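Structural characterization, general
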Amino acid sequence: MSSIEENLVSIRARIREAAGRAGRDPDSVVLMAACKEVPPELVREVLAQGVKIVGENRVQEALQKYAVIGNEAEWHMIGHLQTNKVKKAFSIFSMIQSLDSLRLAEEISRQAEKLGREMDVLVEVNTSGEDTKYGLRPEEVVDFVQKVVRLDGIRVKGLFTIGIFSPRSEDSRPCFRALRELQDRLESLNLPRASLEYLSMGMTDDFEVAIEEGSNMVRIGRGVFGPRPGQQS
Ligand SMILES: *Cc1c(COP(=O)(O)O)cnc(C)c1O
């Protein structure tokens, strides 16, 4: 087995175990490969291993890989998206997981109407309160989602967060729990045109805790591909 194949076997086993601990169906948890700094050949390798969704942080980098791989993968944007890149984003991504401002939502809506398309989005929430992170503050989210669902061409599919920056995965648990509680609150409002299917949370260092707290989409980079160039671990 290649190392990517071995890594995937191990990550999938850990996903199953975490889902089991939480009394959840392991098949309800989607594994996304987070591919920043990963060359197209290696992205291809995970696709061959049955991974369907690829996450990218930068439009420019995604365009280069998309030129090679195209629609063999389903592409999701997981990094901060500038409004002037939205048009290009439409040519690659089927979901923007990192919706973090009303201005961006309005631009997505505008481009969607122009292109006669719709875009799925997740609302990014800054659950850790770290000012290095993008995303809405938790207390802003209900009001924000109520505004976004009024825009045409944009479909709110759930919420997205990044756990706190810490070597201990347990430290992210309150972040993940907060996102889950927000999702529950939004669901109870029965907003028209919002179908809150996805809780995108959990990365290499904290995906098991995220699954225990209700994540159904984990975004794994290093755990699949190994350390990124220039990284210690
Ligand atoms: C890089 C990245 C990931 C994957 O991180 P790993 O720690 O390598 O698993 C997940 N989500 C986002 C938003 C990222 O930028």
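Remember, predicted model here, so these are calculated numbers, not experimental data. Per chain, the residues get numbers from 1 upward, laid out in the order the sequence is written. Only residues with pLDDT of 70 or above have their local features reported here, since the model is predicted, and side-chain atom pairs are shown and tallied only from 80 upward, although totals for entire chains, interfaces and linings are computed over all residues. As a rule here, side-chain values cover all heavy atoms of the structure and leave hydrogens and water aside.

Comments concerning the layout of surface pockets
For clarity, the cut-off: Here the term cavity refers to a set of points on a 1 Å grid, laid over the protein atoms alone, in which a 1.4 Å probe fits but cannot get out; the term pocket refers to an open set having protein on both sides within 12 Å along at least five of seven lines, with lining residues being those that place an atom within 4 Å of a point. Grid points are joined across faces, edges and corners, and a volume is the space filled by probe spheres set on the points. Helix and strand definitions follow DSSP, with helices as H or I runs of at least four residues and strands as E runs of at least two, each counted in order from the N terminus. Charged means Asp, Glu, Lys or Arg here, nonpolar means Ala, Val, Leu, Ile, Met, Phe, Trp, Tyr, Cys or Pro, and polar covers whatever is left, Gly included.
In this structure, the largest pocket spans a volume of roughly 860 Å³. Forming the boundary of the largest pocket are 32 residues, of which K36, I162, F165, M203 and R228 lie nearest the centre. The computed volume of the second largest pocket comes to approximately 310 Å³. Contributing to the lining of the second largest pocket are 13 residues, with N57, R58, V59, M77 and H80 lying nearest its centre. It is helix 3 (residues 59-69) that provides the largest number of residues to the lining of the second largest pocket, a total of three residues. Per-class residue counts for the lining of the second largest pocket are three nonpolar, five polar and five charged.

Here's the deal with the environment of G135
Basically, it comes down to this: Here, residues are in contact when the closest pair of their heavy atoms is within 4.5 Å.
If you trace the backbone, G135 turns up in the loop between strand 5 (119-124) and helix 6 (141-148). When the C-alpha atoms of G135 and S101 are compared, they prove to be 7.5 Å apart, with 34 residues separating the residues in sequence. Not counting residues within four places of it along the chain, the set of residues in contact with G135 comprises D100, E124, V125 and N126.

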